[in-house]
Amino acid sequence: MGYRRDFEFLLWIQRLLDLSLPLITLMLMEGWRHSQDPSEPIIIALLAGLAYLVSAQLLGVYRNWLDRSMTAILSLAIKAGLLATALGSFLILSKPLDPIFTLNFLIHWFTLFILLLVGYRIIIILILMAYRRFFRIKRRIVICGRNEIGQQLAEILQTSPWLGYQFNGFLDAKGQPLDQPAQPYDEVFICLPTKEEAQIQQLLNHFANSTKVVRFVPDLFSFDLMQGSYSNLNGIPVFSVFDSPLKSVSARWVKRLFDLSLASSILLVIWPLLALIAIMIKLTTPGPILFKQIRYGLDGKEINVLKFRSMTVCENGDQIQQAQKNDQRITALGRLLRNTSLDELPQLINVIKGEMSLVGPRPHAKAHNELYRTLIPKYMQRHLVKPGITGWAQVNGWRGETEQLEKMQKRVEFDLHYIKNWSLMLDIRILILTLGVVLSRKNAH
């Protein structure tokens, strides 16, 4: 919409302020002047600002900023601030730094940072509202189409006064007011489904000989969108239908760095356990230690997923039978490994190689993929992102055997929800919930 161009510059000012705010906050605190090396706190403050900027970008703080209520704007800013604070605290407290970085100093610093973060946003909103009111800059708006998108747009206009819009009601398909006497208006938003071509053309003809500004807002809710988002390609509007936040370069890099650092750290800690499991497998049953199975990875490309061998067979062909409860093919040691999910640990190597992620849709055997892609709509959309060792479906109870088609449909439903709503905080939440799932041993066989 047109008003976005007017505020694009404002969003870049916000990014610059957010980047420098930890440093500004530090300067307001006298304690930093007593540091042994004044340059160290300044560098840390700039890194903290960068951490907030990345967190805010990933959480969508700067995306559709003007379309949100004040509560939503402040809530997102606080979430990004808390994420950056947590990351900063971990880094600062995990290594010896200047003695001024006491826990008390950090609490005061981060508290003041959050307060200023919220405060200056409130000031910007109030300034915009005062500016609109003082100069009487207000566009009177009516909407054609009382559907989901029309109702949503009306709510935005009514709850976001800083936009400078005044909502004056709905019009019918002939351009006549609904439910109230006619009120003067400057702009018309047509919010009709694209299939209502005749009505849209009738409205365009009706307003063609007027001086009203007419905007078309396509009702895309009639489509089952995977990741509804809008972009502009050299003036041509483009809507994403099947997409994911993880398709952005910044998001992929953040997730990759998170995976690489955490997977490497886990391997450094548990390698003695891995060695012990490998020895026990070799001593108890004949066959290889690791089981390699071809599965689909990112964009449907084939990868070899690693697991500790837990069965007497190593099926990897066109016909694969899923493990079942009391499956006779599972070895005694393999049952223990599967019940505790220890058989999945070699997939940390897949993560380090970049073939998998710690969190994502669980990869299925190639034979199962080929079967379910013909039975479940949008099944292959799971491969818009890297497969994971654990996922949103698994921590919500859709783990283990899928002997009924409905179970796989529910797993796919949760996988697609994850892909559509990915964030670093969601990954962290899933990893924490996975610990509880593993301890419960539910559906593990």
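Just so it is clear, the structure is predicted and the values come from calculations on it, not from any experiment.

> Would you mind going over the sheet that holds strand E1 (residues 139-144) in detail, with residue names and values included?
As summarised here, the arrangement of the 4 strands in space is E2-E1-E3-E4, forming an open sheet in which the pairing is parallel. Every interior strand has two partners, whereas the edge strands, strand E2 (165-171) and strand E4 (213-216), have only one. The sheet shows a mean angle of 25° between the axes of neighbouring strands, direction not considered. Looking at chain direction, E1 and strand E3 (residues 187-190) are connected through 4 bridges and run parallel. In the strand pairing of E3, Val-142 is matched with Val-188.

> Can you tell me about the packing of aromatic side chains, naming the residues and giving the values?
Under the definition given, this model contains 5 aromatic pairs. Centroid distance Tyr-52 to Phe-113: 5.8 Å. Interplanar angle 80°. Geometry classified as edge-to-face. Within this pair, whereas Tyr-52 is found in helix H2 (residues 39-59), its partner Phe-113 is found in helix H4 (residues 103-134), the two being separated by 61 residues in sequence. For the pair Tyr-52 and Phe-113, a shared accessibility class is recorded, and that class is buried. When the ring of Tyr-372 is compared with that of Tyr-379, the centres are 6.2 Å apart and the planes differ by 35°; the resulting orientation is tilted. Exposure class is identical for Tyr-372 and Tyr-379. Each is buried.

> Describe the nonpolar core, listing the residues and the values that go with them.
Within the largest apolar cluster, 42 residues are counted, with the highest numbers of intra-cluster contacts made by Phe-308, Leu-348, Leu-358, Trp-392, Tyr-418 and Ile-430. Contributing elements (two or more residues each) for this core: helix H7 (249-284), strand E8 (302-308), helix H8 (332-339), helix H9 (347-353), strand E9 (357-359), helix H11 (392-395), helix H12 (405-420) and helix H13 (424-440). The biggest single contributor to this core is H7, with 10 residues. Setting aside residues no more than four positions away along its own chain, Trp-392 makes contact with Phe-414, His-417, Tyr-418, Leu-426, Arg-429, Ile-430 and Leu-433. Core analysis: the next-biggest nonpolar cluster, separate from the first, contains 18 residues, Ala-56, Val-61, Tyr-120 and Ile-124 among them.

> Explain the state of the cysteines to me, and be specific about the residues and the numbers.
Counted by the stated rule, this structure contains 0 disulfides. The thiol of Cys-144 is not disulfide-bonded; the next cysteine sulfur, from Cys-191, is found 8.1 Å away.

> Run through the pattern of salt bridges, naming residues and quoting values.
Applying the stated criterion across every chain, the model contains 12 salt bridges. Between Glu-370 and Arg-373 there is a salt bridge, and its shortest N-O distance comes to 3.3 Å. Judged by relative accessible area, which is 40%, Arg-373 ranks as partly exposed.

Rules used in this analysis
Each residue is numbered by its place in its chain's sequence as written, counting from 1. Note on the predicted model: pLDDT of at least 70 is required for a residue's local features to be given, and 80 or more for side-chain atom pairs to be given and counted; whole-chain, interface and lining totals, by contrast, use all residues. Side-chain metrics rest on all non-hydrogen atoms present in the structure, leaving aside hydrogens and water. At least two DSSP bridges between two strands are required for those strands to pair. Secondary structure elements follow DSSP: runs of H or I no shorter than four residues count as helices, runs of E no shorter than two count as strands, and numbering proceeds from the N terminus. The convention used is that axes are lines fitted to C-alpha atoms, helices contributing only their stretch in contact, and that angles between N-to-C directions extend from 0 to 180 degrees. Only rings of Phe, Tyr and Trp enter the pairing, Trp through its six-membered ring, and a pair is recorded when the two centres are within 6.5 Å. The plane angle decides the type: under 30 degrees is stacked, over 60 is edge-to-face, the rest tilted. Partly exposed residues are those whose accessible area sits between 20% and 50% of the maximum for their type, while under 20% is buried and over 50% is exposed, using a 1.4 Å probe and protein chains only. By nonpolar core we mean a set of buried residues, namely Ala, Val, Leu, Ile, Met, Phe, Trp, Tyr and Cys, connected to one another through side-chain atoms within 4.5 Å. Every residue pair with non-hydrogen atoms within 4.5 Å of one another is taken to be in contact. When two cysteine sulfur atoms are found within 2.5 Å, that pair is recorded as a disulfide. For this analysis, a salt bridge means a side-chain nitrogen from Lys or Arg found within 4 Å of a carboxyl oxygen belonging to Asp or Glu.

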